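Tertiary structure, described
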Amino acid sequence: MIRVENICKRYGNLEVLKSVNLNIEPGQVICITGASGAGKTTLLQIMGSLDKPDSGRVLFDDTDLYGLSAKKMAAFRNRQIGFVFQFHYLLPEFSAIENVMMPALIGGEKPRAAKERALELLQFLGLEARKDHKPGELSGGEQQRVAVARALMNRPQVIFADEPSGNLDTANALSLHRLFFDLKENYGQTFVIVTHNGDLSSMSDRRIEMKDGRIVADTTR
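Residues numbered from 1 in each chain as written. Predicted model: local features only at pLDDT ≥ 70, side-chain atom pairs only at ≥ 80, totals over all residues. Heavy atoms only, no water.

Comments concerning the pattern of salt bridges
Oppositely charged side chains are able to pair whenever their charged atoms sit close together. Counting across every chain of the model gives 13 salt bridges. Across the pair glutamate 5 and arginine 57 runs a salt bridge whose closest N-O atoms are separated by 2.9 Å. Placement of the pair is glutamate 5 in strand 1 (residues 2–11) and arginine 57 in strand 4 (residues 55–60), with a sequence separation of 52 residues. When its relative accessible area of 35% is taken as the criterion, arginine 57 is described as partly exposed. In this structure, lysine 184 engages aspartate 205 in a salt bridge whose closest nitrogen and oxygen atoms are separated by 3.1 Å. Here aspartate 205 lies in the loop between helix 7 (198–203) and strand 9 (206–211) and lysine 184 lies in helix 6 (residues 170–187), a separation of 21 residues in the sequence. Aspartate 205 shares its class with lysine 184; the two are buried. Salt bridges sharing partners connect three or more residues here, namely Arg3, Glu5, Arg57 and Asp62. (Salt bridge = Lys/Arg side-chain N within 4 Å of Asp/Glu carboxyl O. Helix = DSSP H or I, 4+ residues; strand = E, 2+ residues; numbered from the N terminus. Buried < 20%, exposed > 50% of the residue type's maximum accessible area, 1.4 Å probe, protein only.)

Below, the structure is given as structure tokens:
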């Protein structure tokens, strides 16, 4: 589904990624691990079109991501890629369901259809009763689940997650991790997750370890 070919990235004199190659198959939960500074987040951001490589290619089903115009890339990102970050980045003035609807509305979906899809996702995530609450009225675990629902809104090919449970306590982190696997089983969703969480990486279908800007291990369960 995704091919990363010879990706290199440098910030000033610091070489962050060194000719990284990686293939991502659909329907898996894949964890990228490694020490801080190994290049994990940079690789994730480049795969997700949030940062541009100095050289190399990222292909989604043979679409060269960095061969697209800025407008086409933005449209592709909206439809094909979902993001979940350590901080939920929900809009505080909007309710849970309105936050979930946002990617569809930006993509031109009709409000009624967007609301139906958002409600379906919130029901699946056990948040139907909280749909009209604003982020400040939700717990940390609930906020992150709303962020997951928002990432799923446009039925993306892949969800990229950067330390998604890093701000959660142990119980909420475990609940979120289980949710990823429930979504994989029920929706065939693909996740690529940067994490320091050993429990999550041990649960994953595939674990990729990075060190000094390179992939040093790639283990499939």
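Next, the rest of the story.
Topic: helix 1 (residues 40–47)
Burial runs high along helix 1: six of the eight residues are buried. Those residues of helix 1 that sit buried are Lys40, Thr42, Leu43, Leu44, Ile46 and Met47. Just beyond helix 1, the residue with positive phi is serine 49, at close to 70°.

As for the nonpolar core
One finds Val100, Val146, Val148 and Ile193 to be the most contacted residues of the largest nonpolar core, which totals 35 residues. For this core, the elements supplying multiple residues, two or more each, are strand 3 (29–33), helix 3 (96–106), helix 4 (111–124), helix 5 (140–152), strand 7 (158–162), helix 6 and strand 8 (190–194). (Core = buried A, V, L, I, M, F, W, Y, C linked by side-chain atoms within 4.5 Å.)

Describing the pairing of strand 8
Remark: a regular strand shows side chains that alternate across the two faces of the sheet. Most of strand 8 sits out of view: five of its five residues are buried. Taken together, the four bridges between strand 3 and strand 8 define a ladder with parallel strand orientation. Directly across from isoleucine 30, in strand 8, lies its bridge partner valine 192. As paired strands, strand 7 and strand 8 are joined by five bridges and run parallel to one another. The partner of isoleucine 159 across the bridge, within strand 8, is phenylalanine 191. Crossover handedness for the path strand 7 to helix 6 to strand 8: right-handed. (Pairing = 2+ DSSP bridges. Right-handed = clockwise from strand over helix to strand, strands pointing away.)

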